[in-house]
Amino acid sequence: MKIIGITGTMGAGKGTIVDYLTSKHGFKHYSVRGYLINIIEQRGMPVNRDSMVIVANELRANNKPSFIAEELFKEASLHGGNCIIESIRTVGEITELSTKDNFTLFSVDAKRKTRYDRIVKRGSETDMVSYETFSENEEREMNADDPNKQNVGACMKLANHHFSNDGNFEDLYLQIDSVLHKLT
């Protein structure tokens, strides 16, 4: 069982990597976003980025920094096979998943304006924000002293493999295939 964790900036291409690995390489996808949305909907909260951050931080504070990733790993273990856990946002999640055999962390980034244009086009319930709000959200999520809060910047530094996604799909797919070849 290969376990790939994916971290990266908003709109950088985490979902594109997931789509590629699931459709072309048979990985099963376990989504932090999906996990959080289920809880948010059960609580009757609005599905937006603020709710996701609040619920995620609360779950981590009430349990431990790696809680969400551990829950997704448990589910993945029950089903077996190669899997992707997306989106890793705390160092605690990386620390915990690193204890598992065959864990690798991918990081993806692109220029901020490119990423903003992508999320506007994507148009999900958490993406309908101004460029200013997008930038503020990103700054809030990049660094944190509290281990229960998102620290994407630190997570990206801990990644085993870094992808630049300023080009087209094919450029990104070539980078992914090169890394997968090394992991075999």
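Structure: above.
To keep things clear, this report deals only with the structure shown in the data block.

Conventions used here
Residues numbered from 1 in each chain as written. Predicted model: local features only at pLDDT ≥ 70, side-chain atom pairs only at ≥ 80, totals over all residues. Heavy atoms only, no water. Helix = DSSP H or I, 4+ residues; strand = E, 2+ residues; numbered from the N terminus. Pairing = 2+ DSSP bridges. Axes fitted to C-alpha atoms, helices over the stretch in contact; angles between N-to-C directions. Contact = heavy atoms within 4.5 Å. 1 Å grid on protein atoms, 1.4 Å probe; cavity = no way out; pocket = protein on both sides within 12 Å on 5 of 7 lines; lining within 4 Å. Points joined across faces, edges and corners; volume = space filled by probe spheres on them. Nonpolar A, V, L, I, M, F, W, Y, C, P; charged D, E, K, R; others polar.

Cis geometry marks the peptide bond from Glu86 to Ser87, where omega comes out at 20 degrees. Checked against the element boundaries, Ser87 lands in the loop between strand 3 (83–86) and helix 5 (91–97). With a phi close to 65 degrees, Asn102 is a non-glycine residue in the positive phi region. With respect to the element layout, Asn102 can be found in the loop between helix 5 and strand 4 (103–109).

Attention now moves to the sheet that holds strand 3. Pairing in this open sheet of 5 strands is parallel, and the strands run 2-3-1-4-5 from one edge to the other. Both edges of this open sheet fall to strand 2 (28–31) and strand 5 (161–164), since each of them pairs with a single strand only. Averaged over all pairs of adjacent strands, the angle between strand axes in this sheet comes to 25 degrees, irrespective of strand direction. Sheet topology places strand 1 (residues 3–8) next to strand 4; 6 bridges connect them, and they run parallel. When the sheet's bridge partners are listed, Ile6 is paired in strand 4 with Phe106. The sheet strands contacting helix 9 (residues 169–183) are strand 1, strand 4 and strand 5, and the helix crosses strand 5 at an angle near 165 degrees.

Right, let's talk about the side chain of Asn57 for a bit. Residue position: Asn57 is located in helix 3 (residues 49–62). Apart from residues lying up to four places away in sequence, Asn57 is in contact with Asn148, Lys149 and Gln150.

Quantified by volume, the largest pocket comes out at close to 800 Å³. Lining the largest pocket are 40 residues, with Gly11, Lys14, Gly15, Arg33 and Arg122 sitting closest to its centre. Looking at the lining of the largest pocket, the elements that each hand over two or more residues are helix 1 (14–25), strand 2, helix 2 (32–43), helix 3, helix 6 (112–122) and helix 7 (131–142). By residue number, the principal contributor to the lining of the largest pocket is helix 6, which donates 6 residues. When its residues are assigned to classes, the lining of the largest pocket shows 12 nonpolar, 15 polar and 13 charged.

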